[in-house]
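Given next are the chains, with one letter for each unit.
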Amino acid sequence: MNKTVKRIVVILIILILLPAAFLTINEIISLNQNEEVIGRIYSNQLDAILYSVNQYSEDVVSSWASRLDLFIDEVQNIEEEKILAAVDSFRNQFPSLYNIFIADSVGDKHIELLGFDKKKNRNSIFQTKMDSLVNHVLTTNRTLVEKLFSYSQSGYRKIEPVKLGTPANRGYFLLFIEQTKLGKKRIAGMFIEPQQFTYRILSPKIQEIAQKEFVISVFNRAENFQFNSSRDFKVSEVQQSKTLWIFPDYQIGISLVGQTIEDLVQQRAITNILLIGLLTVVLLIGVWIVYRNIKKEVELAQIKSDFVSNVSHELRTPLSLISMFAETLEMDRVKTEGKKKEYYSIISQEANRLSKIVNSILNFSKMEAGKRQYNFVESYLNDVAENVYHSYKFHLEQKGFTFNILKDETIPIIKIDEEAVSEAIVNLVDNAVKYSDNNKAILIRTGMENNYAFVEVEDKGIGIPEKDQKKIFDKFFRVSSGNVHNVKGSGLGLSIVKHIIEAHKGKIELFSEVNKGSKFRLLFPLGKN
Ligand code: ADP
């Protein structure tokens, strides 16, 4: 590999591949951690939703407690006959509240019951008998009551649930401190049945929060109770749950509709891995393309600089020969006429060679600029080949070549640019001469193949390695093995041939074997052009 290309590969690796590999590995390692973090974030979000349901139920009961304060203040000033009606109307506002009691302290003899239990008809507020149940609740929760009083002393009302497990009264007393405007503090309790509370109070709120994304459930496995915001949901599917603050043996649960958090997190991880993979592939392809392009450019730059030195060399040789022989003639150093003639012919030969080189460079630059014009006329390919043969025959035989032509006389007239085709054949013959070693035999042959007429030039020279056979038609390309360094050339000849053949919509076929020889066949379509 060329030094410059090597340097570029190193730069590409350091600048792009190493950081990318580092990033990718880092990304994959941190994927696991990310998964955990995301899982936690999801679960925190679900917790926040459960928290809001809890908060809502507490707000509800605490608003009931405040209403009770107001009501008690109100009934202080009402005449006794109207109290019953007031109690009734207050009671009707709280359908899931079954009973309320108010007592001065634990062990109070005058417990006031705001009896909501219609069947038992305990409606009177001021003169009801002490209910043994309430008394039991208060005495068994004496410390709790004291705590509530002390909270209230510091201006803070807390509501605490106490569970009732008797078969007749299943539910919770929510205890709190009731306070009149005048500042009198008493212990109060609301009896609430959790399942009714769930259906009547929580259900609308839960539906509103859950919408279509979640299922929110309230359940108590011991009592085999469950309420779900969505039908056909089983409590066993609940993904995350919390205790309901106001009814501690009830749970609220939440689940994502359709997927679990693990599913979501895994999906994200898979998407991320796929993206990272895709990115890596794109990056690798990009680096490869950059590498290929740079390599090509570097090679072309190299080839161009070779071209300049080759061409200068090619120009210099005939020039120095011409000037040397001209000087010799000028100084009258040549005595015999024969020798003089020989020198004149060398000068004219070298001048010819010079003009050929200059012409091929000019032709080439015209082609490169897309400016070369072709003049297609109906012609005999045999005639064009024969003309080249005749103009080279003498010259080549002088150089020790056997030079022959074999024509297929059946080739019809085809439309070609005679000058260009002749130039192509000349280029092939030139190469055959240049790249022949000891076996100096060149053959021009014409013929037909499928729908093509062809002319081919065959030599017994050094041949072309298989790997280079495609490249030799590229501009400036010269095979780097064999005798090429002894043979002068610009690397333009075959690219000019290729251009000419393409202009004729024809093809070039090459048969070549190293050390055995080469055959270049130029094919021209019959009758179509
Ligand atoms: P050049 O000026 O170098 O001859 P060409 O474009 O004519 O440029 O040829 C490109 C290369 O192909 C040559 O440098 C030579 O290596 C190889 N080549 C062309 N013709 C022959 C041939 N007849 N035998 C062996 N090698 C050939």
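Our structure is the block above this text.
Here we summarise the structure given alongside this text. Note that the structure is predicted; figures quoted are calculated from it, not measured.

### Regarding the overall build of the chain
Then comes step 1: Helices and strands together make up the secondary structure of the chain, namely ten helices and 16 strands.
Then comes step 2: In summary, the chain has a C-alpha radius of gyration of 53 Å against a globular reference of 24 Å for 529 residues, an excess of more than 25%.
Then comes step 3: C-alpha atoms of the chain, sized along the principal axes, occupy 160 × 50 × 40 Å.
Then comes step 4: Contacts in the chain between residues far apart in sequence, at least 24 positions, make up 65% of those at least 6 positions apart.
Then comes step 5: Total accessible area computed for the chain in this model is approximately 30,400 Å², and 54% of it derives from carbon and sulfur atoms.

### A few points about the pattern of salt bridges
Then comes step 1: Tallying each qualifying case throughout the model produces 25 salt bridges.
Then comes step 2: Between Glu208 and Lys205 there is a salt bridge, with its nearest N and O atoms 4.0 Å apart. One end of the pair, Glu208, and the other, Lys205, are both in helix H5 (residues 194-210), three residues apart, so they sit about a helical turn from each other.
Then comes step 3: Here Lys205 falls in the partly exposed class, since its relative accessible area comes to 24%.
Then comes step 4: By sharing partners, the salt bridges in this structure join Arg445, Glu449, Glu456, Glu458, Lys460, Glu509, Lys519 and Arg521 into a single network.

### A short note on empty space enclosed by the protein
Then comes step 1: Throughout the structure, instances matching the rule amount to one cavity of 30 Å³ or more.
Then comes step 2: Estimates place the volume of the largest cavity at around 50 Å³.
Then comes step 3: Among the elements of the structure, helix H1 (3-76) and helix H6 (261-330) are those that each provide at least two residues to the lining of the largest cavity.
Then comes step 4: Of the residues belonging to the lining of the largest cavity, the class tally is four nonpolar, two polar and two charged.

### Focus: the sheet that holds strand S16 (residues 517-525)
Then comes step 1: Strands sit in the order S11-S13-S14-S16-S15 across an open sheet of five strands; the sheet is mixed. In this open sheet, the two strands that pair with only one neighbour each are strand S11 (402-406) and strand S15 (507-513). Strand-to-strand twist of the sheet, defined as the mean angle between neighbouring strand axes without regard to direction, takes the value 15°.
Then comes step 2: When S15 meets S16, the two strands line up antiparallel, connected through seven bridges. Within S16, the residue paired with Ser512 across the bridge is Ser518.
Then comes step 3: Across the face of the sheet, helix H9 (residues 418-434) comes into contact with S11, strand S13 (441-449), strand S14 (452-459) and S16 while running at roughly 25° to S14.

### Description of a nonpolar patch on the surface
Then comes step 1: Taken together, the side chains of Val10, Ile13, Ile14 and Leu18 present a nonpolar region at the surface, about 350 Å² in accessible area.
Then comes step 2: With respect to the helices, strands and loops of the structure, Leu18 is situated in helix H1.

### Quick notes on the sheet that holds strand S7 (residues 225-228)
Then comes step 1: As summarised here, the arrangement of the four strands in space is S7-S6-S9-S8, forming an open sheet in which the pairing is antiparallel. Two strands lie at the open edges of the sheet, namely S7 and strand S8 (240-244), each paired on one side alone. Geometrically, the sheet is characterised by an average inter-axis angle of 20° between neighbouring strands, direction not taken into account.
Then comes step 2: Packed on one face of the sheet, H1 meets strand S6 (214-220), S8 and strand S9 (247-256) and runs near 25° to S8.
Then comes step 3: Of the strands in this sheet, S6, S7, S8 and S9 are in contact with H5, which crosses S7 at around 30°.

### Some details on the environment of Leu148
Then comes step 1: The topology assignment puts Leu148 in helix H4 (residues 142-153).
Then comes step 2: Residue classification places Leu148 among the buried positions, given a relative accessible area of 2%.
Then comes step 3: Taking the C-alpha atoms as reference points, Leu148 and Leu175, separated by 27 residues in sequence, lie 8.3 Å from one another.
Then comes step 4: Once residues lying within four places of it in the same chain are set aside, the contact partners of Leu148 are Lys158, Glu160, Leu175, Phe176, Ile177 and Ile187.

### Some details on the site of the ligand
Then comes step 1: Taken together, 20 residues lie around the ligand, and Asn431, Tyr435, Arg478, Ser490 and Leu494 are the ones closest in.
Then comes step 2: Within the backbone of Val479, one N or O atom sits 3.2 Å away from an oxygen atom of the ligand.
Then comes step 3: Between the ligand and Leu494 there is a distance of 2.8 Å, counted from an oxygen atom to a backbone nitrogen or oxygen.
Then comes step 4: Starting from 530 Å² of accessible surface for the ligand in isolation, the protein chains cover 98%.
Then comes step 5: At the level of secondary structure, the elements contributing two or more residues to the shell around the ligand comprise H9, helix H10 (493-503) and S16.
Then comes step 6: Split by residue class, the shell around the ligand holds ten nonpolar, seven polar and three charged.

### Things to note about the packing of aromatic side chains
Then comes step 1: Tallied over the entire structure, the rule returns 18 aromatic pairs.
Then comes step 2: Between Phe101 and Phe173, the ring centres sit 5.1 Å apart and the planes meet at 80°, which makes this aromatic pair edge-to-face. A residue pair is termed long-range when its members are at least 10 positions apart, and Phe101 in strand S1 (residues 97-103) and Phe173 in strand S4 (residues 170-179) qualify at 72 residues. Comparing Phe101 with Phe173, the two get one shared label, buried.
Then comes step 3: Members of the aromatic cluster, joined through ring pairs, are Trp64, Phe71, Phe90, Phe94, Tyr172, Phe197, Tyr199, Phe225, Phe227, Phe247 and Tyr250.
Then comes step 4: The lysine or arginine in question, Lys519, covers the ring of Phe511, its NZ or CZ lying 5.0 Å from the ring centre.

### Section: the side chain of Ser30
Then comes step 1: The topology assignment puts Ser30 in helix H1.
Then comes step 2: Here Ser30 falls in the buried class, since its relative accessible area comes to 15%.
Then comes step 3: Of note is the side chain of Ser30, whose polar atom sits 3.1 Å from the backbone oxygen of Glu27.

### Thoughts on the side chain of Asp73
Then comes step 1: Note that Asp73 resides in helix H1.
Then comes step 2: Leaving out residues up to four positions away in the same chain, Asp73 has contacts with Thr180 and Lys181.

### Some words on unusual backbone geometry
Negative phi is the rule for most residues except glycine; trans is the rule for most peptide bonds.
Then comes step 1: Unusually for a residue other than glycine, Asn224 sits at a positive phi of about 55°.
Then comes step 2: Relative to the helices and strands, Asn224 resides in the loop between S6 and S7.

### Considerations on the pairing of S4
Then comes step 1: Taking burial as the measure, the ten residues of S4 include eight buried ones, the bulk of the element.
Then comes step 2: Bridge count between S4 and strand S5 (residues 185-192): eight bridges; the pairing is antiparallel. Considered in S5, the bridge of Tyr172 is made with Ile192.
Then comes step 3: Once S4 ends, the chain turns through five residues before running back antiparallel as S5, passing Gly183 with a positive phi of about 100°.

Calculation notes
Residues numbered from 1 in each chain as written. Predicted model: local features only at pLDDT ≥ 70, side-chain atom pairs only at ≥ 80, totals over all residues. Heavy atoms only, no water. Helix = DSSP H or I, 4+ residues; strand = E, 2+ residues; numbered from the N terminus. Rg over C-alpha atoms; globule rule 2.2 N^0.38 Å. Contact = heavy atoms within 4.5 Å. Areas by Shrake-Rupley, 256 points an atom, 1.4 Å probe, with all protein chains shown as cover. Salt bridge = Lys/Arg side-chain N within 4 Å of Asp/Glu carboxyl O. Buried < 20%, exposed > 50% of the residue type's maximum accessible area, 1.4 Å probe, protein only. 1 Å grid on protein atoms, 1.4 Å probe; cavity = no way out; pocket = protein on both sides within 12 Å on 5 of 7 lines; lining within 4 Å. Points joined across faces, edges and corners; volume = space filled by probe spheres on them. Nonpolar A, V, L, I, M, F, W, Y, C, P; charged D, E, K, R; others polar. Pairing = 2+ DSSP bridges. Axes fitted to C-alpha atoms, helices over the stretch in contact; angles between N-to-C directions. Patch = residues over 30% accessible without salt bridge, like charges linked within 9 Å, V, L, I, M, F, W, Y side chains within 5 Å. Near = heavy atom within 4 Å. Polar contact = N/O pair within 3.5 Å; in protein donor to acceptor, adjacent residues only side chain to side chain. Phe/Tyr/Trp six-rings, centres within 6.5 Å; stacked < 30°, edge-to-face > 60°. Lys NZ or Arg CZ within 6 Å of the ring centre and 35° of its normal.

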